[in-house]
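Chains, contacts and geometry: an overview
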Protein chains: 4
Amino acid sequence: MVGGGPGAFIGAVHRHAAALDGEIELVAGAFSSIPERSHAQGKELHLEPSRVYDSYGEMAEKEAARSPGDRIDFVSIVTPNDSHFEIARTFIEAGFHVVCDKPMTTTVEDAEKLCRLVSKHDVVFALTHNYTGYPMVKQARALVNAGRLGDIRKIVVEYPQGWLATRLEAEGLRQAVWRTDPARAGVSSAVGDIGSHAENLAHYITGLQIDRLIADTTTFVAGRKLEDDANVLIHYKGGARGILYASQISVGEENNLGIRVYGTDASLEWRQEHPNYLHVRYQDRPEEVFKRGNPYLGEAAAHNSRLPSGHPEAFIEAFANIYRNAARSIASRLTRVHPDPLDLDFPTVSDGARGVHFIHKVIESGKAGAWIDAAYEAP
Amino acid sequence: MVGGGPGAFIGAVHRHAAALDGEIELVAGAFSSIPERSHAQGKELHLEPSRVYDSYGEMAEKEAARSPGDRIDFVSIVTPNDSHFEIARTFIEAGFHVVCDKPMTTTVEDAEKLCRLVSKHDVVFALTHNYTGYPMVKQARALVNAGRLGDIRKIVVEYPQGWLATRLEAEGLRQAVWRTDPARAGVSSAVGDIGSHAENLAHYITGLQIDRLIADTTTFVAGRKLEDDANVLIHYKGGARGILYASQISVGEENNLGIRVYGTDASLEWRQEHPNYLHVRYQDRPEEVFKRGNPYLGEAAAHNSRLPSGHPEAFIEAFANIYRNAARSIASRLTRVHPDPLDLDFPTVSDGARGVHFIHKVIESGKAGAWIDAAYEAP
Amino acid sequence: MVGGGPGAFIGAVHRHAAALDGEIELVAGAFSSIPERSHAQGKELHLEPSRVYDSYGEMAEKEAARSPGDRIDFVSIVTPNDSHFEIARTFIEAGFHVVCDKPMTTTVEDAEKLCRLVSKHDVVFALTHNYTGYPMVKQARALVNAGRLGDIRKIVVEYPQGWLATRLEAEGLRQAVWRTDPARAGVSSAVGDIGSHAENLAHYITGLQIDRLIADTTTFVAGRKLEDDANVLIHYKGGARGILYASQISVGEENNLGIRVYGTDASLEWRQEHPNYLHVRYQDRPEEVFKRGNPYLGEAAAHNSRLPSGHPEAFIEAFANIYRNAARSIASRLTRVHPDPLDLDFPTVSDGARGVHFIHKVIESGKAGAWIDAAYEAP
Amino acid sequence: MVGGGPGAFIGAVHRHAAALDGEIELVAGAFSSIPERSHAQGKELHLEPSRVYDSYGEMAEKEAARSPGDRIDFVSIVTPNDSHFEIARTFIEAGFHVVCDKPMTTTVEDAEKLCRLVSKHDVVFALTHNYTGYPMVKQARALVNAGRLGDIRKIVVEYPQGWLATRLEAEGLRQAVWRTDPARAGVSSAVGDIGSHAENLAHYITGLQIDRLIADTTTFVAGRKLEDDANVLIHYKGGARGILYASQISVGEENNLGIRVYGTDASLEWRQEHPNYLHVRYQDRPEEVFKRGNPYLGEAAAHNSRLPSGHPEAFIEAFANIYRNAARSIASRLTRVHPDPLDLDFPTVSDGARGVHFIHKVIESGKAGAWIDAAYEAP
């Protein structure tokens, strides 16, 4: 692991998620750019001191120098956005597979370089757009793919949060400081941190490609340098319309990612705060509530579920699905066996590039106050 | 009553609503432009045959000729949009108070003429934006007015329906035919029929004025002449941002009007399909669920409520609140007593003009594909 | 109307409900045993003074003396429980049809006398167990009758309220005073006032007959003379099991009547505070949510519904269904036409007798602390 | 770990839960009474072969023979009910701490022997009544303890499931076979497997002691030897009343454990399928919805929570809380440091004995058809 030192929320989440299935063991880390903090974290995690490193560079070098069976199988990158690219590049070039937090990079150029590097070095690259790890999101995708909704006409995807409604970054809250700092977060705060999840979720479920968009981006909190609210209208290729919004100033909202997809035959709704349920609605028969863990669900939902119905699964398990699927895909590579296709279901470097492109287009349209072309295909 | 002949859904709703409190009696009507249908309806309603008229013109004339204590106190107009103006004008000029369905007119010019007529003839004019008749909507407004939300930053108001997802107008369904016919409905279908309710609801609760907007309007159903889906981004005066959408092709949605208002201190959410509940959320304390009929609610909620808590009220009662408040205001005029201020709480001709202006601006922006100025003040 | 004078909650509800459809007109009343109060109420209701009576006896006599087309068609009895019997008897013997509030009488003997009187005088007798007037309750019954649940194994029906958690009757609250006074309410408070609704609801939906029961009845509020909480286990004929409870001291509960019925093939759940929804659950396919106003519902649900889907109906409409169906059945008698079978769907004098018997058995078992035989068939 | 061999659902849950925090490592096991199966499971879990044992007896003996720093710190027992006692006794006598699945034993005598053994050998004994591990259950308890509900008057706790609505045991489903077999499960199926969770939950939140109870127990599925449905009325010491039911034949229910506690001042409701929310209701102010992860919650809720608000936690995390708290308490013993009082919060051997006693009393009352004394204090 690179990053995830003392006090880093998302580092701990990654570790919980990776540990859940007992298939992944944390054996080495560069947990902070401050060596003392890195070693302190390594100690707390009971790692062998010789594998706790002062820097990610040292880690990549020394792990690569170990014998194949004795080095890390992949690296997990959980640092702020601005460092993802260099760290990922370093490890990929050292021959390691990568799990990386999102957004993938702070520029489209870096994102596309990563696409090429992944291709060139033929490594597995997984991006932790964790919300697509939920079983009922996979069921939603399966229903769309099976044509159960008919042709998709409209997508409404929203991600309101309220935690940045005041200037927490001025109070020194670590999570707030870097997310609102252009030097660490990139061109965007709300879209980068959460709007990109919304884009990924809509794309994962429907497969639709954005054609054009217009965005209204606002910085509500005085003194903040990046937008904390973004409302976007979207034209998808093929004629579907979309509304996507992300907000960090929606007081009282916790982590209320939700999506509704309307087709010609049926619609579906899923909400992250109640992740075990998928609502499917029709004009001519009763609403159906699909519930996780039941035999009537598809194989992707089943593959990414651990508990019987009624025993709720939640955030950690969804996150763990990304890790487990990626780890199994990596294991298949390492052991040269054919992977289970269901294990190949995790966000890739292409998803990452598309996400970074989306972030930039929203910010660009917000500044222009006009519809812009936003079609994209990752290299 | 003018309109509301055999098969007209909304006419029956108006009659249920007006009848509920036993304070309004239906005594005369021109229920259809086809005299036979008008008389058939009058008979079914047990009206005195002499007061069932062949046309609204005849009704206005003959009722006005009756002695003051013996004629109608007000007229209720429940015809398709295109005829509202002429009927309202006729009755206002004959000295009658008016309750009129929405949208008020099909052009801004007519709307503004009505404003001036109401002012000139000093009549009561109530518009049946019925959703603002719900007690918990009134409580929402009271909370905003009392500053409980702090400064308003964002409004998300949505009104998805699915009933026009197919071309019902081609099958002759009466409700669908006129709503999608430019000659009857005016320039808009989705925005006119339901988006205007959304605008009215947001304005009623927050008092905010629209400054600019950009709209994405779409006609999904082939052969339809008006838009059946409209997504709008809004800048309110004072800096708040808004998302408003109306859709008639959102399969599986019934009548899912909902609003969320986010302030600096708290936010609120209300949904029409669960109208007895108002959710108020904070960053630092538990969500509160306000429930209709309780002593902790404000006087407007109490004034517009009939049943104890837990005995749900719904659509008819909200509609009846518009009627009852308007009727009591009319009665105050007729009896020259000072009205109860709580009875003056109903949508007015100014709200109607603002709504018609909004409809036109959405359609205009949709065609232009650009932000446009949408500020308005009714004359 | 007999009863429903100033301040009586339920009298006003009856009037709203009866007025809703414009098919019933209130023309006469004895609204209070205190003549001044009766006349005051009559005046407020704009009744002809000559038809506002000093007592129900006078009303029965004088109305009966009017010519057939000019007298009341039926009487509505909305007084406290202890007077239902005498009033009903008086009007039945005078040849009038009756709508009566529940519980029907305070003793089983009186209830059975009423059964015989109704039979002897061949009048329509409707009891306002209003909760069975809800369309989705009728849909629940239709699903059970159609065998969609398989064989019924278990019923859980509950009716918690919190309004009597303190000794409101000592503060003079009218609604509390008579409901907790054995001289007015009879042997029971919680079971009589609300437990009887629960029994009626379970019976209406499933048709099951109680065989045996054991009850735990408690008076939590010091100084109160009747039970304010009752928990009952039930054996139904045919082997089904039941839990029924009614509580007036469940702080924070408003009017939370709810029922779950479990069969061998499926189960259903309905809750009065969200009356437009009926949940049907299976072991092997997604939960279905039936929603009022949709074409997939049965004819009884449709017959008892006024508004399109998504335009919520609630308490008043359910109450109005009892009135409208009873009134139409009465009209059929008066006009000697064959009634629409759907109009015959309202609680009868037999339901009333069964309910009174149930109330007494619960209290009896509570005192005995033992299972008792509770089978019953009304005469 | 003892038990949890191939195909055992609950063994895998225990392992996920124990692994989550990275504080517990699985190092040895006797996973099945069939040695081959035990070794197969050990291999799948990447255990050192020398520490995968043929039997729990061998495991206790050989682990005890290892040096203190090199042997297991505690054993986790996840076998069917009938073997808990002997296994626990063996390990306790060998000096090991114990985490044991519930119900603790199949007889009260064995349960009480375990109490004395735990006391005599001074070991930590944790019982996995996992539902009390949920943070919002801990918040519920904190509210009750702080007097926020006033005096408790009524508890309604229910646990309906539907999975045993047909005779799955005849089809060989492993989970169904032993749970419905008196030789493995003991005297009860529904009460033992899930009713005991309901009892534990009610006791944990309120601290109330059962005084008397009457139960109605039924076997609905023909050929089944134990009850699959149990409805219980309870008198608690101090005057509170209770309804508790457990059902395995409630078709369409998944794992719907829920509790409502009514006090003189407020009530609360919590449902396991939506575990991040706690509803608190009052007579005189809006309902409050407490949500996991927020700063307004008490220290116990915070201590047993890993993720920020809105990032839902669920079943595994609640289970993990039992493990983590127990493990930390064990670690305190092993390192002779004073434990954090918050880590001592897990179900104990006394809770286990009380639960086993409760199970037997329900079955006894069901057979007797009468109220029986059910007061209990563990030795």
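Residues numbered from 1 in each chain as written. Chains lettered and ligands numbered in written order. Predicted model: local features only at pLDDT ≥ 70, side-chain atom pairs only at ≥ 80, totals over all residues. Heavy atoms only, no water.

Focus on the sheet that holds strand S2 (residues 97-100) of chain A
All names here are of chain A. Rule in force here: Between any two strands, at least two bridges found by DSSP are needed for them to pair. The helix count covers DSSP runs of H or I at least four residues long, the strand count covers runs of E at least two residues long, and both are numbered beginning at the N terminus. Fitting a line to C-alpha atoms yields each axis, with helices limited to the stretch in contact; the angle taken between N-to-C directions then spans 0 to 180 degrees.
On the basis of which strands lie adjacent, the open sheet formed by three strands has the order S1-S2-S3 and parallel pairing. Unpaired on one side and paired on the other, strand S1 (74-77) and strand S3 (125-127) mark the two borders of the sheet. Across the sheet, the mean angle separating the axes of adjacent strands is 15° when strand polarity is ignored. In this structure, S2 lies alongside S3, joined through three bridges in parallel fashion. Bridging from a neighbouring strand, Cys-100 pairs with Leu-127 of S3.

What about the relation of the copies chain B and chain A?
Rule in force here: Overlaid copies result from least-squares superposition on C-alpha atoms, with residues included only where pLDDT is at least 70 in both. Between two residues, a contact is recorded if the distance between any of their heavy atoms is within 4.5 Å.
Each copy superposes on the other: chain B lies on chain A with an RMSD of 0.0 Å after a rotation of 180° and an axial shift of 0.0 Å. Both copies are brought into coincidence by an operation consistent with a two-fold rotation axis. Residue Ala370(B), judged by its C-alpha, is the member of chain B lying nearest the rotation axis, at 3.2 Å. Comparing interface residues between copies, 100% of those in chain B also lie at the interface in chain A; the contact surface is shared.

Digging into helix H11 (residues 315-335) of chain C
An α-helix turns once per 3.6 residues; consequently, residues spaced three or four apart project the same way. All names here are of chain C. Condition: To estimate how far a helix should extend, the number of its residues minus one is multiplied by 1.5 Å. Each residue is placed in one exposure class: buried if its accessible area under a 1.4 Å probe, protein chains only, is under 20% of its type's maximum, exposed if it is over 50%, and partly exposed if it falls in between.
Along its 21 residues, H11 runs 30 Å from first to last C-alpha, staying within 8% of the 30 Å computed at 1.5 Å per residue. Extensive coverage of H11 is indicated by the burial of 16 of its 21 residues. Arg-336 sits one or two positions beyond H11 and adopts a positive phi of about 55°.

Topic: the relation of the copies chain D and chain A
Superposing the two chain copies requires a rotation about an axis and a translation along that axis. Mapping chain D onto chain A calls for a rotation angle of 180° and an axial translation of 0.1 Å; the resulting RMSD is 0.1 Å. A shared binding surface is used by both copies, with 97% of the interface residues of chain D retained as interface residues in chain A.

Some remarks on the packing of aromatic side chains
Residues and elements named next belong to chain D. Quick reminder of the rule: Aromatic pairing here means that ring centres of Phe, Tyr or Trp (its six-membered ring) are within 6.5 Å. Orientation follows from the plane angle: under 30 degrees is stacked, over 60 is edge-to-face, and everything else is tilted.
Evaluation of the coordinates by the stated rule reveals 36 aromatic pairs over all chains. When the ring of Tyr-131 is compared with that of Phe-315, the centres are 5.9 Å apart and the planes differ by 65°; the resulting orientation is edge-to-face. Placement of Tyr-131 in the loop between strand S3 (125-127) and helix H6 (135-145) and of Phe-315 in helix H11 (residues 315-335) is noted, with a sequence separation of 184 residues between them. Here the two residues Tyr-131 and Phe-315 agree in accessibility, since each one is buried.

Some words on the interface of chain D and chain A
Our working definition: Simply put, the buried area is the total loss of 1.4 Å probe accessible area from both parts when two parts are fitted together. Think of a salt bridge as a Lys or Arg side-chain nitrogen and an Asp or Glu carboxyl oxygen that are within 4 Å of each other. Nitrogen and oxygen atoms within 3.5 Å of one another constitute a polar contact, given that in protein one can donate a hydrogen and the other can accept it, and given that sequence-neighbouring residues count only through two side-chain atoms. Polar here means any residue other than Ala, Val, Leu, Ile, Met, Phe, Trp, Tyr, Cys and Pro, which are nonpolar, and Asp, Glu, Lys and Arg, which are charged; Gly is therefore polar.
Listed as interface residues are 30 residues of chain D and, on the opposing side, 30 residues of chain A. Across the chain D/chain A interface, buried area totals approximately 2500 Å², and carbon plus sulfur atoms make up 62% of it. When the buried area of chain D at its contact with chain A is split by residue, His16(D), Glu254(D) and Pro312(D) rank highest and sum to 23% of it. The interface formed by chain D and chain A holds zero salt bridges in total. Here chain D is connected to chain A by twelve residue pairs in polar contact (both at pLDDT 80 or more). Of all the secondary-structure elements, those providing two or more residues to the side of chain D that touches chain A are helix H1 (9-19) and H11 of chain D. Here the side of chain D that touches chain A is composed, by residue class, of 14 nonpolar, nine polar and seven charged.

Points about the interface of chain B and chain A
Chain B puts 43 residues into the contact, and the matching count from chain A is 43 residues. Regarding the contact of chain B and chain A, the summed buried area is about 3400 Å², with carbon and sulfur atoms giving 52% of it. Contact with chain A buries area across many residues of chain B, yet Arg153(B), Val251(B) and Gln283(B) alone supply 20% of it, more than any other trio. Viewed at the interface, chain A and chain B are joined by eight salt bridges. If you look at where chain B meets chain A, you find 22 residue pairs in polar contact (both at pLDDT 80 or more). Breaking the side of chain B that touches chain A down by element, the ones donating at least two residues are strand S4 (152-160), strand S5 (210-218), strand S6 (229-236), strand S7 (241-247), strand S8 (258-263) and strand S9 (267-271) of chain B.

Quick notes on the sheet that holds strand S2 (residues 97-100) of chain D
Backbone-to-backbone hydrogen bonds join strands into a sheet, with any given pair of strands oriented parallel or antiparallel. All names here are of chain D. Pairing is parallel across the open sheet formed by three strands, whose spatial order is S1-S2-S3. Because the sheet does not close on itself, it has two edges, and the strands there are strand S1 (74-77) and S3. Shown here is a sheet whose adjacent strand axes are inclined to one another by a mean of 15°, direction ignored.

A few points about the pairing of strand S7 (residues 241-247) of chain D
All names here are of chain D. Summarising burial for S7: seven of the seven residues are buried, a large majority. Note that strand S4 (residues 152-160) and S7 share seven bridges and pair parallel. The residue of S7 that forms the bridge with Val-156 is Ile-243. Hairpin connection between strand S6 (residues 229-236) and S7: a loop of four residues separates the two successive antiparallel strands, and Gly-238 in this loop has a positive phi of roughly 95°.

A look at the packing of helix H6 (residues 135-145) of chain A against helix H9 (residues 190-206) of chain A
Any two packed helices are characterised by the angle at which their axes cross and by the distance between the axes. All names here are of chain A. The line we're drawing: Throughout, the term roughly parallel applies to angles under 35 degrees, roughly antiparallel to angles over 145, roughly perpendicular to angles from 65 to 115, and oblique to all others.
Where H6 meets H9, the axes come as close as 7 Å, and the angle between the chain directions of the two elements is 45°. By the angle between their directions, the pair H6 and H9 is classed as oblique. Contacts from Val-137, Lys-138, Ala-140, Arg-141 and Val-144 in H6 reach Leu-201, Tyr-204, Ile-205 and Thr-206 in H9. Class assignment of the residues belonging to the contact of H6 with H9 gives a composition of six nonpolar, one polar and two charged.

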